[in-house]
Amino acid sequence: IVGSVRCVQETELIPQNLISIFDSRELELLISGLPDIDIQDLKENTEYHNYTRDTIQIKWLWEILENFDQSMKAAFLQFVTGTSKVPLDGFRSLRGINGIQKFQIHKAFNKESLPTSHTCFNQLDLPEYQSKEILYEKLMIAITEGKEGFGFV
């Protein structure tokens, strides 16, 4: 998308002063619109590390994601993959740094920290929170405040 932004800026289709207020993620959403994100498809194409699909924290996570509106689902997808776009063939075609790479949820062992992500690997590091409410609160902070890049914990 950065290349697209540069192209739009260079061709002056949109005046620089109007486009410069958006970062690349915001511009991607403006150009592409909100995707239709199928959480069931994401769930079916997820690998678990030190969790299982039956772990209560994983069940809570999927319940939370199912209840998100499309805007929050897109923000979550942006947080964990680096893009709010769904692959054309669905999440089975999700690409990472080494090609096709499923979404992964890894257990993080500091229960006080926020969830973190590794977008090159489509990876979410999720602490083992003690309640669904805590998981929701921490996830919302991570998604909305931690989307700007490295170093936010």
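Before going into details, it helps to say that this report is about the structure given with it. (Residues numbered from 1 in each chain as written. Predicted model: local features only at pLDDT ≥ 70, side-chain atom pairs only at ≥ 80, totals over all residues. Heavy atoms only, no water.)

**Brief notes about the packing of helix 6 (residues 70–81) against helix 7 (residues 132–145)**
Next, step 1: The N-to-C vectors of helix 6 and helix 7 enclose an angle of 75 degrees; their axes lie 9 Å apart at closest approach. With respect to helix 7, the element helix 6 is oriented roughly perpendicular. Across from Met-72, Ala-75, Phe-76 and Phe-79 in helix 6, the residues of helix 7 making contact are Leu-139, Met-140, Ala-142, Ile-143 and Thr-144.
Next, step 2: Considered class by class, the residues forming the contact of helix 6 with helix 7 number eight nonpolar, one polar and no charged. (Axes fitted to C-alpha atoms, helices over the stretch in contact; angles between N-to-C directions. Helix = DSSP H or I, 4+ residues; strand = E, 2+ residues; numbered from the N terminus. Parallel < 35°, antiparallel > 145°, perpendicular 65-115°, else oblique. Contact = heavy atoms within 4.5 Å. Nonpolar A, V, L, I, M, F, W, Y, C, P; charged D, E, K, R; others polar.)

**Topic: the packing of aromatic side chains**
Next, step 1: Under the definition given, this model contains one aromatic pair.
Next, step 2: Note on Phe-76 and Phe-103: the rings are 6.1 Å apart at their centroids and 85 degrees apart in plane angle, and the pair reads as edge-to-face. Remark: Phe-103 occurs in strand 4 (residues 103–108) and Phe-76 occurs in helix 6; sequence separation between them is 27 residues. Each member of the pair, Phe-76 as well as Phe-103, carries the same accessibility label: buried.
Next, step 3: Lying across the ring of Tyr-51, Lys-107 places its NZ or CZ 5.3 Å from the centre. (Phe/Tyr/Trp six-rings, centres within 6.5 Å; stacked < 30°, edge-to-face > 60°. Buried < 20%, exposed > 50% of the residue type's maximum accessible area, 1.4 Å probe, protein only. Lys NZ or Arg CZ within 6 Å of the ring centre and 35° of its normal.)

**Examining a positive patch on the surface**
Next, step 1: On the surface, Lys-43, Arg-53, Lys-59 and Lys-102 cluster together to form a positively charged patch.
Next, step 2: Considering the arrangement of structural elements, one finds Lys-102 in the loop between strand 3 (99–100) and strand 4. (Patch = residues over 30% accessible without salt bridge, like charges linked within 9 Å, V, L, I, M, F, W, Y side chains within 5 Å. Areas by Shrake-Rupley, 256 points an atom, 1.4 Å probe, with all protein chains shown as cover. Salt bridge = Lys/Arg side-chain N within 4 Å of Asp/Glu carboxyl O. Lys, Arg positive; Asp, Glu negative; His and termini not counted. Charge placed at Lys NZ, Arg CZ, Asp CG, Glu CD.)

**Notes on the pairing of strand 4**
In regular strands, side chains alternate between the two faces of the sheet.
Next, step 1: Within strand 4, six of the six residues are buried, leaving the element largely enclosed by the surrounding structure.
Next, step 2: Because side chains alternate across strand 4, one face comprises the buried residues Phe-103, Ile-105 and Lys-107, and the other comprises Gln-104, His-106 and Ala-108, equally buried.
Next, step 3: Where strand 1 (residues 46–49) and strand 4 come together, four bridges link them in parallel fashion. Looking across to strand 4, one finds that Tyr-48 is bridged to Ile-105.
Next, step 4: As defined by bridge partners, strand 4 adjoins strand 6 (residues 123–127) across five bridges and the pair is classed as parallel. Bridging from a neighbouring strand, His-106 pairs with Asp-125 of strand 6. (Pairing = 2+ DSSP bridges.)

**Structural notes on the pattern of salt bridges**
Next, step 1: Within this structure, the stated rule accounts for two salt bridges.
Next, step 2: Residue Glu-63 pairs with Lys-132 through a salt bridge whose shortest N-O separation is 2.7 Å. With Glu-63 in helix 5 (residues 56–67) and Lys-132 in helix 7, this pair connects stretches of sequence that are 69 residues apart.
Next, step 3: Exposure remark for Glu-63: the relative accessible area of 37% places this residue in the partly exposed category.
Next, step 4: Under the relative-accessibility criterion, Lys-132 is labelled partly exposed at 27%.

**Thoughts on a nonpolar patch on the surface**
Next, step 1: The grouping of Leu-13, Ile-14 and Leu-18 at the surface amounts to a nonpolar patch, some 300 Å² of accessible area in total.
Next, step 2: Within the secondary structure layout, Ile-14 lies in the loop between helix 1 (2–11) and helix 2 (16–19).

**A word on the pairing of strand 6**
Next, step 1: The buried fraction of strand 6 amounts to five of the five residues, a majority that puts the element mostly inside the structure.
Next, step 2: Relative to strand 6, strand 5 (residues 116–118) runs antiparallel, the two being bridged by three bridges. Looking at the pairing, Ser-117 lines up with Leu-124 of strand 6.

**Some points on unusual backbone geometry**
Next, step 1: Phi angles above zero are rare outside glycine, and Asn-50 is one such case at about 65 degrees.
Next, step 2: With respect to the secondary-structure elements, Asn-50 resides in the loop between strand 1 and helix 5.
Next, step 3: Phi is positive for Asn-122, close to 55 degrees, though the residue is something other than glycine.
Next, step 4: Tracing the backbone shows Asn-122 in the loop between strand 5 and strand 6.

Purely geometric numbers; function is a separate question.
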